[in-house]
Amino acid sequence: MVIDPVARSTDGESVRIAKDVLCAGAGAKICLPEGPEEFARALARRGHRRPVVIGDDRALLRVVSLLHKERELAAVPLSMVPVGAPAAVALSRALGIPTDTVAAARAVLDGGERPRDLLTDDSDGIVLGGLRIPCGSEAPRQAHGVYLPTAVPAAAPTDPRDALEAPDGPEAPDGPAGGLGGHRPWWRPAARTARTALALLAAPAAGLGGRRARVPGQRLRIEADGVLLADLDRPVRGVSVMPGGRAGADGPPPGAGDALAEVVVHWPGGGRPVRTRARAVTVSGADFHYRADAVVGGPVRTRTWTLQPGAWRLQLPRG
């Protein structure tokens, strides 16, 4: 049982509950790493024991990445008890892991192994839940050896396509949460007025040639199994790639030998998106960043992601 230090510091009570349930149901060796190096050593010294991770999505990604680099991922079934804020365990929830501490711990003890697909890239990186380009407007920062977004919204979409189809983000609410003591900050109405004025100035005036406002886009060349989906002569608003596609969607189940990744290309201005399924996706263009699950990668000029059907196994509730 490897307990992530972030989980211990942010929600010690949930960690205690998970430990109590797991230790009552099976023998367990508890590891309390203080950083990435100790985390890796604890995982390497697991012997024949099945690793159980208590932490958020970053802890799960760290374990999967370490096992992938050791080429032991296919042979080691993983169990997970998510602990963290809703946005920090969005990937775990999308993978089917209960976010309730007791339910997740019971699934570790009584659940069953399920094969799961993932994407690997040409730099030996992995994607478990979804890939999105662009990664967003946040500048990436480095933490524990991986790039993480500077801020994660409280209700981050678990599907990268939902993020592409959603608006830029909700405005912070006015009310008790908006200021100290429930008072609205004095600058908020002024800031809203300034944003409105800027939007009006940026919008084209009616009757002046009917010019449309410039829609932001990124010039990328996108190929799926060698088939060209987009080229540099036409900007794209975003690209999403999901291993196995959305849960419940048409197509082979996770782990099937003929499984394919779902690829969606969105155009500026609300044009009809291009949707296809492929085993490999290559994106090229000027330096771009991408969001792979909770990690921001790049900048790169070209990257290829390849689907690996049934590359890892995850303990999930039965039924």
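Use the structure listed above.
Description of the structure in this document.

To continue, consider the overall build of the protein. On a plain count of helices and strands, the protein comes out with 8 helices and 15 strands. In the protein, which comprises 319 residues, the share counted as buried stands at 41%. Expressed as a percentage of contacts within the protein between residues at least 6 apart in sequence, the contacts between residues at least 24 apart total 69%. A total accessible area of about 16700 Å² is found for the protein, and carbon and sulfur atoms account for 55% of it.

Our focus in this paragraph is the sheet that holds strand β2 (residues 52–55). Reading across from one edge, β1-β2-β3 is the order of the 3 strands in this open sheet, with parallel pairing throughout. Of all strands in the sheet, those with a lone pairing partner are β1 (2–3) and β3 (79–82), marking the two edges. Sheet analysis places β2 next to β3, joined by 4 bridges and oriented parallel. Looking at β3, one finds that G55 is bridged to P82. Packed on one face of the sheet, helix α2 (residues 12–25) meets β1, β2 and β3 and runs near 160° to β2.

In this section: the pairing of β3. What you see with β3 is no split at all: S79 and V81 on one side and M80 and P82 on the other are buried throughout. With helix α4 (residues 57–69) bridging β2 and the parallel β3, this β-α-β connection has right-handed handedness.

Moving on, we come to a positive patch on the surface. Taken together, the side chains of K29, R41, R45 and R49 present a region of like positive charge at the surface. Here R45 is to be found in the loop between α3 (36–44) and β2. Accessibility expressed as a relative area gives 60% for R45, which makes it exposed.

This part is about the packing of aromatic side chains. The relative placement of two aromatic rings is captured by the distance of their centres and the angle of their planes. For the structure on display, the rule yields 1 aromatic pair. Ring geometry for Y290 versus W305: centroids 5.1 Å apart, planes at 80°, classification edge-to-face. Taken together, the positions of Y290 in strand β14 (residues 280–292) and W305 in strand β15 (residues 295–316) put the pair 15 residues apart, joining distant regions of the chain. For the pair formed by Y290 and W305, the shared burial category is buried. Sitting over the ring of F39, R62 keeps its end group 5.2 Å from the ring centre. A cation over an aromatic ring shows up here: R234 above the ring of W267, its NZ or CZ 3.6 Å from the ring centre.

In an α-helix, one full turn covers 3.6 residues, which means residues spaced three or four apart are oriented alike. Of the residues making up α3, those classed as buried are F39, A42 and L43. Along α3, the residues classed as buried sweep out an arc of 95° about the axis, all on the same side. Along α3, the residues that are exposed and aim more than 90 degrees away from the buried face are E37 and A44. Buried positions along α3 lie against β1 and α4.

Calculation rules
Residues numbered from 1 in each chain as written. Predicted model: local features only at pLDDT ≥ 70, side-chain atom pairs only at ≥ 80, totals over all residues. Heavy atoms only, no water. Helix = DSSP H or I, 4+ residues; strand = E, 2+ residues; numbered from the N terminus. Buried < 20%, exposed > 50% of the residue type's maximum accessible area, 1.4 Å probe, protein only. Contact = heavy atoms within 4.5 Å. Areas by Shrake-Rupley, 256 points an atom, 1.4 Å probe, with all protein chains shown as cover. Pairing = 2+ DSSP bridges. Axes fitted to C-alpha atoms, helices over the stretch in contact; angles between N-to-C directions. Right-handed = clockwise from strand over helix to strand, strands pointing away. Patch = residues over 30% accessible without salt bridge, like charges linked within 9 Å, V, L, I, M, F, W, Y side chains within 5 Å. Salt bridge = Lys/Arg side-chain N within 4 Å of Asp/Glu carboxyl O. Lys, Arg positive; Asp, Glu negative; His and termini not counted. Charge placed at Lys NZ, Arg CZ, Asp CG, Glu CD. Phe/Tyr/Trp six-rings, centres within 6.5 Å; stacked < 30°, edge-to-face > 60°. Lys NZ or Arg CZ within 6 Å of the ring centre and 35° of its normal. Arc of directions from axis to C-beta.

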